[in-house]
Amino acid sequence: MTIRTEQTMQTPQKLLVRALKGESLARPPIWLMRQAGRYLPEYRAARAKAGSFLDLCYNPEFAVEVTLQPIRRFGFDAAILFSDILVVPHALGQDLRFEEGRGPLLDAITDDAGMARLGMDQFHNRLKPVYAAVAGLKAALPPETALIGFAGAPWTVASYMIEGGSSRDYAKTKAWAYQRPESFQRLMNLLIDATSSYLIAQVEAGAEVLQIFDSWAGALDHAGLLRWSLTPMKAIVDRVRMSHPEVPVIVFPRACGAGYLDFARSSFMHGLSLDSGVPLDWAFTQLQGRIALQGNLDPQLLVAGGDAMRDAATKILETLGRGPFIFNLGHGIVPETPPEHVGELVKLVQGWHR
């Protein structure tokens, strides 16, 4: 007789993990990027108590609470750790602050001398509160709810580090990459090392699935996409797999267009998250036979609600829901989203059957 441990009994039953392992399910799991956030009144209350945004990220009690809020309210099939992609450069030693109305601001690095001030010596010590939050979530989540850890991809994180915040054209980052590619590669190598180590530590704290966000992948030309987005993410996933081969990884090279096919063909990840601009029929014929897909409702349809939201969500389910698939948005929930629309979407997806 085979003795099944608690781990073997629970993990395969979680819909998110099953979809990422290639199963076509009776109905897909659903979670939403930024499902914990400003559209929820309970989040705004916790944010006011915590102080700054970084205080919210680095306080395990608050981070656990805001991660659990959408699980309690909507019953998503997965929870994603509440944190920010920029805790990685912050832990490497780059000054970071968040200002209302301006978003993240960093003391920009512009050359090798700036890069030399970064290092791994205090990295994990600075991130201990994040790992404590992951462990707290692992203990607090319902047994059927998967726990997702995450990090930003090196290209996207590097763009913030070099631009000093958000950018429209990524001119400084591209100039460094195009004009001094060997120097830029050193920065990418540091971020590959740090991000791999960070994700492995999240798994060891309790994360069951990982997602890597390359939010600004679409800013790159095709050659740049392969060199600075796909290749670094593959290096990270390869390292995670060496330590934890059982943990599925989703990558999100947002707005990379036909470059999604390069990611699907490379097959280093378990899941590929699609932005809202990806045609469903193309995704079905060109991508889904190669890999589990995730996506890709326009976040503004979630704001609009009504028939527009329902029709678009149903079209996604009918096109992609019969293969390995996870329902999500094409990017994160926006603050003006009515919570009741989120609840309706969750009910629609969880009530759908192929």
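Residues numbered from 1 in each chain as written. Predicted model: local features only at pLDDT ≥ 70, side-chain atom pairs only at ≥ 80, totals over all residues. Heavy atoms only, no water.

A. The nonpolar core, seen in detail. Ranked by size, the top nonpolar core spans 131 residues in total, and within it Phe184, Phe263, Phe327 and Leu345 carry the most contacts. Per-element accounting of this core gives the leading share, 13 residues, to helix α12 (residues 181–205). Discounting chain neighbours no more than four positions away, the residues touching Phe184 are Trp155, Ala158, Ile162, Thr173, Trp176, Ala177 and Trp228. (Core = buried A, V, L, I, M, F, W, Y, C linked by side-chain atoms within 4.5 Å. Buried < 20%, exposed > 50% of the residue type's maximum accessible area, 1.4 Å probe, protein only. Helix = DSSP H or I, 4+ residues; strand = E, 2+ residues; numbered from the N terminus. Contact = heavy atoms within 4.5 Å.)

B. The arrangement of the sheet that holds strand β8 (residues 292–297) in detail. Within the open sheet, the seven strands sit side by side as β1-β4-β5-β6-β7-β8-β9. Their pairing is parallel. At either margin of the open sheet sits one strand with a lone partner, and together these are β1 (78–80) and β9 (325–329). The average angle at which neighbouring strand axes cross in this sheet is 25 degrees, direction not considered. Direction of pairing for β1 relative to strand β4 (residues 146–152): parallel, over a ladder of three bridges. (Pairing = 2+ DSSP bridges. Axes fitted to C-alpha atoms, helices over the stretch in contact; angles between N-to-C directions.)

C. Region of the structure containing the pairing of strand β6 (residues 249–253). Within β6, five of the five residues are buried, leaving the element largely enclosed by the surrounding structure. Alternating positions in β6 separate into two faces, Val249, Val251 and Pro253 on one and Ile250 and Phe252 on the other, with burial throughout. Of the pairings in the sheet, the one linking strand β5 (residues 209–214) to β6 comprises five bridges and is parallel in character. Looking at β6, one finds that Phe213 is bridged to Phe252. A crossover links β5 with its parallel partner β6, the connecting element being helix α13 (residues 222–243), and its sense is right-handed. In this sheet, strand β7 (residues 271–273) lies alongside β6 in parallel orientation, the contact comprising two bridges. Note on β7: the bridge partner recorded for Val251 is Leu272. Taken together, β6, helix α14 (residues 259–266) and β7 form a β-α-β motif whose crossover is right-handed. (Right-handed = clockwise from strand over helix to strand, strands pointing away.)

D. Quick look at the packing of helix α11 (residues 171–179) against α12. Remark: α11 packs on α12, axes separated minimally by 5 Å, with the N-to-C direction vectors making an angle of 115 degrees. Contacts between α11 and α12 involve Thr173, Trp176, Ala177, Tyr178 and Gln179 from the former and Pro181, Ser183 and Phe184 from the latter.

E. Up close: the layout of surface pockets. Here the largest pocket is characterised by a volume of approximately 1200 Å³. Listed by contribution, the elements that provide at least two residues to the lining of the largest pocket are α3 (41–50), α5 (60–74), β2 (96–99), β3 (103–106) and α10 (154–163). Residues that form the lining of the largest pocket fall into these classes: 21 nonpolar, 11 polar and six charged. (1 Å grid on protein atoms, 1.4 Å probe; cavity = no way out; pocket = protein on both sides within 12 Å on 5 of 7 lines; lining within 4 Å. Points joined across faces, edges and corners; volume = space filled by probe spheres on them. Nonpolar A, V, L, I, M, F, W, Y, C, P; charged D, E, K, R; others polar.)

F. Broad picture of the pattern of salt bridges. Inspection of the entire model under this criterion finds 14 salt bridges. One salt bridge in this structure joins Glu208 and Lys14, with 2.6 Å as the shortest N-O distance. Within this pair, whereas Glu208 is found in the loop between α12 and β5, its partner Lys14 is found in the loop between α1 (6–10) and α2 (15–20), the two being separated by 194 residues in sequence. The same class applies to Glu208 and to Lys14, which are both buried. The salt bridge involving Asp238 is made with Lys234; its shortest N-O contact spans 2.8 Å. With a gap of four residues between them, Asp238 and Lys234 both fall in helix α13, about one helical turn apart. Residue classification places Lys234 among the partly exposed residues on the basis of a relative accessible area of 33%. Taken together, the shared-partner salt bridges connect Arg97, Glu99, Arg102 and Asp107 into one network. (Salt bridge = Lys/Arg side-chain N within 4 Å of Asp/Glu carboxyl O.)

G. Layout of the packing of aromatic side chains. This structure, assessed with the given rule, holds 15 aromatic pairs. Seen in terms of ring centroids, Trp155 and Phe184 are 6.1 Å apart; in terms of plane orientation they differ by 65 degrees. Their pairing is edge-to-face. Here the residue Trp155 occupies a position in helix α10, and Phe184 occupies one in helix α12, the gap between them amounting to 29 residues. With respect to class, Trp155 is no different from Phe184; both count as buried. (Phe/Tyr/Trp six-rings, centres within 6.5 Å; stacked < 30°, edge-to-face > 60°.)

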